[in-house]
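# Coordinates in review
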Amino acid sequence: MMALLKSSRVICNIGTFSRSLGSVSSRNSSFWAEVQMGPPDPILGVTEAFRRDTNPQKMNLGVGAYRDDQGKPYVLDSVRKAEAVIASKQLDKEYLAIGGLGEFNKSCAQLALGADSEVLKNGRNITVQTISGTGSLRIGANFLSRFHSASRDVYLPSPSWGNHTPIFRDAGMLLKAYRYYDPSTCGFDFLGMLEDISKMPERSVVLLHACAHNPTGVDPKPDQWKEISDLMKKRDLLVFFDMAYQGFASGDIDRDAWAVRHFIEQGHNIVLSQSFAKNMGLYGERVGGLTLVCGDAEEAKRVESQLKILIRPNYSNPPMNGARIATTILNTTELYNIWLEEVRLMANRIIKMREQLAANLKSEGSTHNWQHVTDQIGMFCFTGLKPDQVERLTKEFSVYMTKDGRISMAGVTSGNVGYLAHGIHAVTKCYISNNISADLPDNPSERQLRGR
Amino acid sequence: MALLKSSKIISSVGVYPPLGALSVRASSWWSEVQMGPPDPILGVSEAYKRDTNSKKINLGVGAYRDDQGKPFVLSCVRKAEAQLAAKKLDKEYLPIGGLGDFNKACAKLALGDDSEVIKSGRNITVQTISGTGSLRVGASFLSRFHTEARDVYLPKPSWGNHTPIFRDAGMQLKAYSYYDPKTCGFDFQGALNDISKIPAKSVIMLHACAHNPTGVDPRPEQWKEIAELVKKRNLLPFFDMAYQGFASGDIDRDAWAVRHFIEQGHNILLSQSFAKNMGLYGERVGGFTVVCKDTEEAKRVESQLKILIRPVYSNPPMNGARIAATILNTPDLYKEWLGEVHGMANRIITMRELLVANLKKEGSTRNWQHVIDQIGMFCFTGLKPEQVERLTKEFSVYMTKDGRISMAGVTSGNVGYLAQGIHTVTK
């Protein structure tokens, strides 16, 4: 084992105590001499680097936090109104239940599953409030680790949100992957995915992004979802949906939940993580939910009891403020309607930015095919940029993004989209497109190369 | 295990049944999941809520109540909230390690304004999800990096949740003598004996003040001996300070043991909670501190804490930390807060005195001195499980079955009834 201690001088007499404050020589050696400096978080580390940059034209396209067209963080009007309502009630700050705020849990499940959900009517879901999406996934992972003994394997789409891997790994699961993104088309590798699913051992856990896949923005179409659902049922797989962007993909809450609801209708008893960080702009309030669809209400009660046993030594009970805000919005008709409209607005601004980015790239003279920028859905765009191009974009243009080529469209504004297009064009114009999707047809030499 | 019961599955890809065709539902995954027992502490509140007896008293969870038995939101908290609301701050993610202003103030509160540790920058303090979250982050950190020892020594008894926190994090639980049931006081010699046998580099958990559940704290001279012995044995002290201010009413006095250990050269781990002393319970405000050898080490440790935290909850909740930071960093509010903490601690001390007086009045001949001697929110009554059960069943007095009562739940209005009940089941 590693020798953790360096030399130490220890006072041995019980009863005598050391000299006055500041006598450093009596200090024990540290226990942490062997702890290595770890790398910064690939996503959150981008923001840290952005902050340090002094270039006035810098852009933060790293973390998926929505910005308005002035590039400012946006606190939703429905949220401000809900906060005012809550403040006027002068509520206490007593602990929530281990599973969180009951009213929140009900509304959270209803939002995902639909008001007329048979699952809700039969009480066969257990939904607990969690620390946003990450907390939800982690509790889910812990639950699987403890109770899904049939399989240790969790299949993630390739690629997936970077944090999925340590979440499941630290919880004791083993990570595997299925094909998902096709770099040659910057689109969905449907056949590749079906092929990989058909080989998964029964009862493995499969993680699906419900909508607005992160990082690629590439979502299956409904017909494709149907086939995926059927095949997963045939393979007897445990489906775990991560829905962090309900409302952000299409602007429509119900449309974005379609895959989740379809799977449930098809009989999958899914695990579902929800986040309100993006669609309610509640990022730092940490609002989320974890749902397990069970066989019946009795089973839901058993599962609930075990979730509580798992949660209690993690953080005891979840934070109240964000959940109160979300509950107020979801349960007050007027606020709910305002919220739906704001979600639509946010989604539409992003769609517009996609269109403007593609248009600006064309007017820059780029000959690459940027169709994927407008085809992809949700907050992120998987540009197709390679790590060295990303590095150039950051170093030369102060455009901050993750090195997988992902940009947060939410960070793009009508004010900076031109600059962004300019930068992207600058770092991609000399390149043959083996990573960016198929070129425009009027470039014969590149067409030839693509045929390789 | 065969997790699946019989299942009917449609095999053809591409065909799908209409809504409501229940026969095609896949089997559940959780048929083997057993019903687990309710949480021993929080479960008490749940049982209390169900009781319809108008005289019921909840002495289960350690949440402060005013003399009307009502939850108490501190005035300084309301003021801080008003200030924050006026600022119309955004809701952007905090850093993984939390709100910087909070972390600084949190460390200062525990370690003292003139702390050499803080001056040297050799602590890393991160915001956590109250005390539980802090302990769990600490336990996970130990599990990953303190590879030379897997054992965590808890005092006997300790807060019930300590055990699953460390166990679920992968540590092994052991114990050292602490409470003497014969005296309802501190088993000092027993503690020293046990500590002297703890293998080097093991982790020893210490309650900084207001020991939970017993209310029994070492005296300063005893703390000094413990510090010496812990150093001699080369143990890693992990302080749990959930009640700073609540024990004596004085913030600095309650942090004395923590500061003494640090002065003596212990590079401690420290969990802090603002649930009780700021009444921020449900906002989940806490801190975790590692005292390191120097700044460089603190940076390394910080980087690893972030790597650990990110796949648990990414970053902590903002609201409570903003409130706490506002109070700690605004002199007027800070002063008001100190006064309110003092007030809460005093009300509890008064209730202790009233309870003993009422027990005497009831005619009890038992020695109830420990009710007054014990410190903090809890009183370890000495009641046995069957007596506790009677107290709950016959008097609707809810408490944990180890005999612990939360003095915070006692009021001048119910202390007589409580004394009556306790006397009845103990005479």
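Shown above is the structure to which this text applies.
### Comments concerning the overall build of chain A
Looking only at helices and strands, chain A has 17 helices and 13 strands in total. Looking at chain A residue by residue over its 452 residues, the buried ones come to 62%. For chain A, the proportion of contacts with a sequence separation of at least 24, taken over those separated by at least 6, is 75%. Just so you have it, chain A exposes about 17,100 Å², and 52% of that area is on carbon and sulfur atoms.

### Some points on the packing of aromatic side chains
Applying the stated criterion across every chain yields a total of 38 aromatic pairs over all chains. Look at Phe239(B) and Phe261(B): their rings are 4.9 Å apart centre to centre, the planes differ by 85°, and that puts the pair in the edge-to-face class. Note that Phe239(B) is positioned in strand β8 (residues 236-241) and Phe261(B) in helix α10 (residues 256-263), a separation of 22 residues in sequence. We note that Phe239(B), like Phe261(B), is buried. Taken together, Phe31(A), Trp32(A), Phe141(B) and Phe145(B) form an aromatic cluster joined through their ring pairs.

### Considerations on the sheet that holds strand β2 (residues 125-130) of chain A
All names here are of chain A. Read across the open sheet, the seven strands follow the order β2-β10-β9-β8-β7-β3-β4; overall the sheet is mixed. Across the chains shown, the open sheet's two edge strands, defined by having one partner strand only, are β2 and β4 (174-179). On average, each strand axis in the sheet is inclined to that of its neighbour by 25°, with strand direction left out of account. Pairing geometry for strand β3 (residues 153-158) and strand β7 (residues 205-209), over two bridges, is parallel.

### Digging into the interface of chain B and chain A
Between chain B and chain A, the contact holds 110 residues from the first and 111 residues from the second. Applying the counting criterion to the chain B and chain A interface returns 12 salt bridges. The salt bridge partner of Asp41(A) is Arg310(B), with a shortest N-O separation of 3.0 Å. Run the count over chain B and chain A and you get 44 residue pairs in polar contact (both at pLDDT 80 or more). Of all elements in the fold, only α1 (42-50), α2 (75-87), α5 (130-145), α6 (162-168), α8 (220-232), α11 (295-313) and α12 (318-329) of chain B reach the threshold of two or more residues within the side of chain B that touches chain A. Per-element accounting of the side of chain B that touches chain A gives the leading share, 12 residues, to α11(B). The class makeup of the residues in the side of chain B that touches chain A is 52 nonpolar, 25 polar and 33 charged.

### Remarks on the sheet that holds β8(B)
Residues and elements named next belong to chain B. In space, the seven strands of this open sheet follow the order β2-β10-β9-β8-β7-β3-β4, with mixed pairing throughout. In the strand order of this sheet, the two ends are held by β2 (123-129) and β4 (172-177), each with one partner. Along the sheet, successive strands turn relative to each other by an average axial angle of 25°, direction set aside. Note: strand β3 (residues 151-156) against β4, six bridges, orientation parallel. Bridge pairing in β4 links Tyr153 to Lys174. Sitting on the sheet, helix α7 (residues 188-195) touches β4 and β7 (203-207), and the angle it makes with β4 is about 135°.

Thresholds applied
Within each chain, residues carry numbers counting from 1 in the order of the written sequence. Throughout, the order in which chains and ligands are written sets their labels, letters from A for the former and numbers from 1 for the latter. Per-residue local features are limited, in this predicted model, to residues with pLDDT of at least 70; the limit for side-chain atom pairs, both in listing and counting, is 80 or more; totals at the level of whole chains, interfaces and linings are taken over all residues. In computing side-chain properties, one takes all heavy atoms of the structure into account and sets aside hydrogens as well as water. Numbering goes from the N terminus for both helices and strands, where a helix is a DSSP run of H or I of at least four residues and a strand is a run of E of at least two. Between buried and exposed lies partly exposed: a residue is buried under 20% and exposed over 50% of the maximum accessible area for its type, with that area taken using a 1.4 Å probe on protein chains only. The criterion used for residue contact is that any of the two residues' heavy atoms lie within 4.5 Å. The protein chains shown are the only cover counted for residues, whose accessible areas, like all others here, come from Shrake-Rupley with a 1.4 Å probe. Aromatic pairing here means that ring centres of Phe, Tyr or Trp (its six-membered ring) are within 6.5 Å. Orientation follows from the plane angle: under 30 degrees is stacked, over 60 is edge-to-face, and everything else is tilted. Note: two strands are recorded as paired if DSSP finds a minimum of 2 bridges between them. Throughout, an axis means a line fitted to C-alpha atoms (over the contacting stretch in the case of helices), and angles, computed between N-to-C directions, take values from 0 to 180 degrees. Salt-bridge detection follows one rule: a side-chain nitrogen of Lys or Arg within 4 Å of a carboxyl oxygen of Asp or Glu. Distance and chemistry together define a polar contact, namely a pair of N or O atoms within 3.5 Å, with one atom able to donate a hydrogen and the other to accept it when in protein, and with adjacent residues in sequence counting only for side-chain atoms on both sides. Classification convention: Asp, Glu, Lys, Arg as charged; Ala, Val, Leu, Ile, Met, Phe, Trp, Tyr, Cys, Pro as nonpolar; all other residues, Gly among them, as polar.

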